[in-house]
Amino acid sequence: MLKLDFHPSGRHFLQIPGPSPVPDRILRAMSLPTIDHRGPEFGALGLELLGKIRQVFKTESPVIIYPASGTGAWEAALANTLSPGDRVLMFETGHFASLWYTMARRLHLEPEFIGLPDYEGWRHGVQAEMIEARLREDADHAIKAVCVVHNETSTGVTSDIAAVRRAIDAAGHPALLLVDTISGLASADYRHDEWGVDVTISGSQKGLMLPPGISFNAISEKAIAASRESAMPRSFWAWDEILEANQNGYWPYTPSTNLLYGLNESLDMLLEEGLAHVFARHQRWAAGVRTAVEAWGLEIQCQEPAVYSPVLTGVVMPEGIDADAVRRIIYERFDLSLGTGLGKAKGRMFRIGHLGDCNDLTLIATLGGCEAGMTLAGVPLAGSGVIAALDYFAQHPLDAQ
């Protein structure tokens, strides 16, 4: 029989950029008995969490919750707003932007991928001026939507979504703005209404600190109007039935009851702390980890300091060193899981997650495992990243910021 909890002592360090560790408080909430999803108690729960989730997206508009992964929410966003053959402008920032592009093709849309060339394009954020230039060329408004990733989990880049909205407006283009913030929500500042986003996609297993299994579409009035004109086949993903059922706190099909218990608890944790504080501690953790990488004398995957991610940091290995081999040593010797390089970054880098349920000591231990593992793997290091991070955290207490 397969043993999933095989660690002989201590806890496994799950420092990938999602799924992130689930706090005990959320695990306890999820352990409560399952109730009737048509009963009055469930309706009260649904209304409560549907109201609170809007605060995290910073929207007055509806937020739809699916019993699905983030990939499902990607499909829901496309299927509800577009029709087969529609042209979609997508910006390549990494592996997940590429997967969304592949999905659009499979749905018989006509996606157009723009971006900076080759692997270097995966080390920068969305270039809003390139989107504006392309939309200005589209005089007939054949492009129906612009799709971008807010926090690209494969690279550690958090793009400027407000700049993308300004670019669309400057071009005078009516295209919808669809944004993936699956790994950004509840870790990086995100503002659905203020930034003029039409559909925001997210998932449960990152900053919300839940297991995988639920995902979200935050939708504007413009997006709802587009859904009424969409000719894309859809049933499970259809917004109209969900919006109607949600008015009373219910779903048109069986929802993920116990995951919704966990979501309600997660929202309480985030709102009790205050989102501004949540974002500040993520920025501080990220800065401490980057200080460690710089002390090691290694490159950070993201090459634009203005768009460094507060969620994860990509660590590029020197030429000739396989990042996956380094990760394997770290996992086997120190019971520490790090994110692998994906797509064009495969074998070039590993990713350190610093999001959700962690603290300074969690990250110091993580950096210690990385440092010891890289030393064992023969990675030449310029100095101690652990000491550098300790100094950074000591000199930059969160409450003083």
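You'll find the structure just up there.
Residues numbered from 1 in each chain as written. Predicted model: local features only at pLDDT ≥ 70, side-chain atom pairs only at ≥ 80, totals over all residues. Heavy atoms only, no water.

**Student:** When you look at the overall build of the protein chain in this model, what are you seeing that I'm missing?
**Tutor:** Of the regular secondary structure elements, the protein chain holds 13 helices and 14 strands. Oriented by its inertia axes, the alpha-carbon framework of the protein chain measures out at about 60 × 55 × 50 Å. Taking all 401 residues of the protein chain together, 60% fall into the buried category. Considering only residue pairs separated by 6 or more positions, the protein chain has 74% of its internal contacts joining residues 24 or more positions apart. If you sum the accessible surface of the protein chain, you get close to 16300 Å²; carbon and sulfur atoms cover 53% of it. Charge centroids of the protein chain, computed over 32 positive and 48 negative side chains, lie 3 Å from each other. (Helix = DSSP H or I, 4+ residues; strand = E, 2+ residues; numbered from the N terminus. Buried < 20%, exposed > 50% of the residue type's maximum accessible area, 1.4 Å probe, protein only. Contact = heavy atoms within 4.5 Å. Areas by Shrake-Rupley, 256 points an atom, 1.4 Å probe, with all protein chains shown as cover. Lys, Arg positive; Asp, Glu negative; His and termini not counted. Charge placed at Lys NZ, Arg CZ, Asp CG, Glu CD.)

**Student:** Looking at this structure, how should I read the pairing of strand 3 (residues 87-91)?
**Tutor:** A regular strand places its side chains so that they alternate between the two faces of the sheet. Of all 5 residues that make up strand 3, 4 are buried, and the element is covered over most of its length. Tracing the backbone out of strand 3, into helix 4 (residues 95-106) and back to the parallel element strand 4 (residues 110-114) gives a crossover that is right-handed. Bridging between strand 3 and strand 5 (residues 143-149) involves 4 bridges; their strand directions are parallel. Paired with L89 across the two strands is V146, which belongs to strand 5. (Right-handed = clockwise from strand over helix to strand, strands pointing away. Pairing = 2+ DSSP bridges.)

**Student:** How do you make sense of unusual backbone geometry when you look at a structure like this?
**Tutor:** Following G18, the chain continues into P19 via a peptide bond in cis, with omega recorded as 0 degrees. A positive phi is found at D335, a non-glycine position, where the angle reads about 55 degrees. Among the secondary structure elements, D335 is positioned in the loop between helix 11 (323-334) and strand 13 (336-340).

**Student:** What should I look at first to understand the sheet that holds strand 8 (residues 176-180) in this one?
**Tutor:** Sheet strands associate in pairs through backbone hydrogen bonding, adopting either a parallel or an antiparallel arrangement. The strand order across the open sheet formed by 7 strands is 2-10-9-8-5-3-4, and the pairing between neighbours is mixed. In the strand order of this sheet, the two ends are held by strand 2 (63-66) and strand 4, each with one partner. Strand after strand, the sheet turns through a mean of 20 degrees between neighbouring axes, direction not considered. Pairing geometry for strand 2 and strand 10 (residues 215-219), over 4 bridges, is antiparallel. Pairing of Y66 across the sheet is with S215, part of strand 10. (Axes fitted to C-alpha atoms, helices over the stretch in contact; angles between N-to-C directions.)

**Student:** So what exactly am I meant to see when it comes to the environment of F42 here?
**Tutor:** Mapping F42 onto the fold places it in helix 2 (residues 40-57). F42 gets classed as buried once you look at its relative accessible area, which sits at 0%. Not counting the four nearest positions on each side in its chain, F42 is found in contact with I35, D36, H37, G249, Y250, W251, P255, T257 and L260.

**Student:** Help me understand the sheet that holds strand 14 (residues 349-353) in this model?
**Tutor:** Across the sheet, 5 strands lie side by side as 1-13-14-12-11; this open sheet has mixed pairing. Single-partner strands in this sheet number two, and they are strand 1 (13-15) and strand 11 (299-300). Relative to the sheet, helix 11 contacts strand 13 and strand 14, its axis offset from that of strand 13 by approximately 160 degrees.

**Student:** What's the story with the packing of aromatic side chains in this structure? I'm lost.
**Tutor:** Two aromatic rings are characterised by how far apart their centres lie and by the angle between their planes. This model, assessed by the stated rule, comprises 11 aromatic pairs. When the ring of Y392 is compared with that of F393, the centres are 6.1 Å apart and the planes differ by 75 degrees; the resulting orientation is edge-to-face. Comparing Y392 with F393 shows no difference in burial state: the two are buried. A network of ring pairs unites the aromatic residues Y66, F236, W237 and Y253 as a single cluster. Against the face of Y119 rests R348, its NZ or CZ located 3.9 Å from the ring centre. (Phe/Tyr/Trp six-rings, centres within 6.5 Å; stacked < 30°, edge-to-face > 60°. Lys NZ or Arg CZ within 6 Å of the ring centre and 35° of its normal.)

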